[in-house]
Protein chains: 2
Amino acid sequence: MERYDIENPLLNFRKTLEQIIPLNDSEWQMISQRFNPMEVPKRTQLTKEGQIATSIYFINKGILRIFYTKEDVEITGFIFSEGLFASCYESFLLQTKSNQTLETLEDCALLAIDHSSLQTLYKEVPALHIIARVVAEQRFINGQRILSSHLLDSPEERYHQFSNQYPGLLQRVPQHIIASYLGITPVSLSRIRKRISRK
Amino acid sequence: MERYDIENPLLNFRKTLEQIIPLNDSEWQMISQRFNPMEVPKRTQLTKEGQIATSIYFINKGILRIFYTKEDVEITGFIFSEGLFASCYESFLLQTKSNQTLETLEDCALLAIDHSSLQTLYKEVPALHIIARVVAEQRFINGQRILSSHLLDSPEERYHQFSNQYPGLLQRVPQHIIASYLGITPVSLSRIRKRISRK
DNA sequence: GTAATTTCTTTACAATTGTTAATGCCTTTT
DNA sequence: AAAAGGCATTAACAATTGTAAAGAAATTAC
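Keep in mind the model is a prediction, meaning the values are calculated, not measured.

A. Summary view of the packing of helix α1 (residues 9-18) of chain A against helix α2 (residues 25-34) of chain A. Residues and elements named next belong to chain A. Packing of α1 against α2 brings their axes to within 12 Å, and their N-to-C directions diverge by 120 degrees. Between α1 and α2, the angle falls in the class oblique. In terms of crossing hand, the pair formed by α1 and α2 is right-handed. Side by side, α1 and α2 meet where L10, F13, R14 and L17 of the first sit next to D25, W28, I31 and S32 of the second. Broken down by class, the residue content of the contact of α1 with α2 amounts to five nonpolar, one polar and two charged.

This is the structure we're talking about:
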């Protein structure tokens, strides 16, 4: 996660893609031309609930989250960090209204591509279908692991796994956001942390 | 879900694929040659925990589930019905040991393809990358909807949604399996059903 | 058709979480 | 520097779920 050289955004991006499949210079040229670098301040909402997700964002620096709103409470569905593609994925793929908001949690350096540009790029660079397939598969695997943790583990176990797996996020993300991501209230997370600290 | 004509397994399969992208006869020939029809009795385990998933299975008839085992209790992660690809997907994609078991819940008619045949088929029919991408995306979307339901809804609401969305499964799947799929115990589901019936 | 097994329901009790509200801490604003 | 706002902690209580065990109902097996 920390292996990304923040100073060379396009280099990082190419490295990430080439972990999936090698790209020749012509392919890389077409890809890099269609992704737009952007700097976004903390707490910016890139896609809002009720809107259609225009773009997906490769993360060079920073973290983002998606959250749902239920009775004016924000419930975090996922936290994205460096090297991932952040998006309201369902909305982007289906081009339908999103039921989630995509928000930066820190100042971010991103590479953005909108939906129609991506469709064009698929035609220009067929290998991108493979990359997109693998990215979709990886996101599925990720989602399934989280879901299985909700089925198999207690909130306390889930917190344990989270802090082992993403020790960095524990520092960078407010606890009430982590709590909702784990499927519990901030109060309950605080109790769990107290319980653990007594051991 | 019930729109599949059970008597024409290959026809159903082609229809499903062509909802994603049209296939010419040569492509279809290569695809259909590599998928093997098989009939499997109820309660057969196609992939077992600890093994590597050799194949994925298109479902012409019947239902299957994946389940995890925790302290000798089986916890259902997903229920597959007609028209879907059933698999221990993570294990199949990564060719690593599965932490879940794939099991038929009824006598099933399936079309199977193993991992190496699929890799060959990707080369023979590049359009399959698109199909695989869309299948992965759909499975991700599905998984994310389930996860969001765990974050946002109570078990009772989850049961409601399940019975509205899959009224057929309510009849065909034992309740203790549905309970674990919803993330609760059979006892708790029984209480929820009683609570609902009083309304 | 009867026995055996599995599944579902019910009960009582323990444990955990949600809810609400109050307090203290920390960061940000002005 | 003071004020304001957001965040984390703690407490008390209500509600829900998990656990364990027993009995009823339904399926499966012989």
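B. Examining the packing of aromatic side chains more closely. Within the structure shown, the criterion is met by 19 aromatic pairs over all chains. Their ring planes at 55 degrees and their centres at 5.5 Å tell us that F162 of chain B and Y166 of chain B sit as a pair that is tilted. A network of ring pairs unites the aromatic residues F13, W28, F35, F58 and F85 of chain A as a single cluster. Taking NZ or CZ as reference, R139 of chain A lies 6.0 Å from the ring centre of F78 of chain A, over its face.

C. Region of the structure containing the state of the cysteines. All names here are of chain B. Summed over all chains, the structure comprises zero disulfides over all chains. With no disulfide partner, C88 has as its closest neighbouring cysteine sulfur the one in C108, 14 Å distant. Owing to a relative accessible area of 1%, C88 belongs among the buried residues under this scheme.

Cut-offs and rules
- Residues numbered from 1 in each chain as written.
- Chains lettered and ligands numbered in written order.
- Predicted model: local features only at pLDDT ≥ 70, side-chain atom pairs only at ≥ 80, totals over all residues.
- Heavy atoms only, no water.
- Axes fitted to C-alpha atoms, helices over the stretch in contact; angles between N-to-C directions.
- Helix = DSSP H or I, 4+ residues; strand = E, 2+ residues; numbered from the N terminus.
- Parallel < 35°, antiparallel > 145°, perpendicular 65-115°, else oblique.
- Left-handed = near helix turned anticlockwise from the far one by under 90°.
- Contact = heavy atoms within 4.5 Å.
- Nonpolar A, V, L, I, M, F, W, Y, C, P; charged D, E, K, R; others polar.
- Phe/Tyr/Trp six-rings, centres within 6.5 Å; stacked < 30°, edge-to-face > 60°.
- Lys NZ or Arg CZ within 6 Å of the ring centre and 35° of its normal.
- Disulfide = S-S within 2.5 Å.
- Buried < 20%, exposed > 50% of the residue type's maximum accessible area, 1.4 Å probe, protein only.

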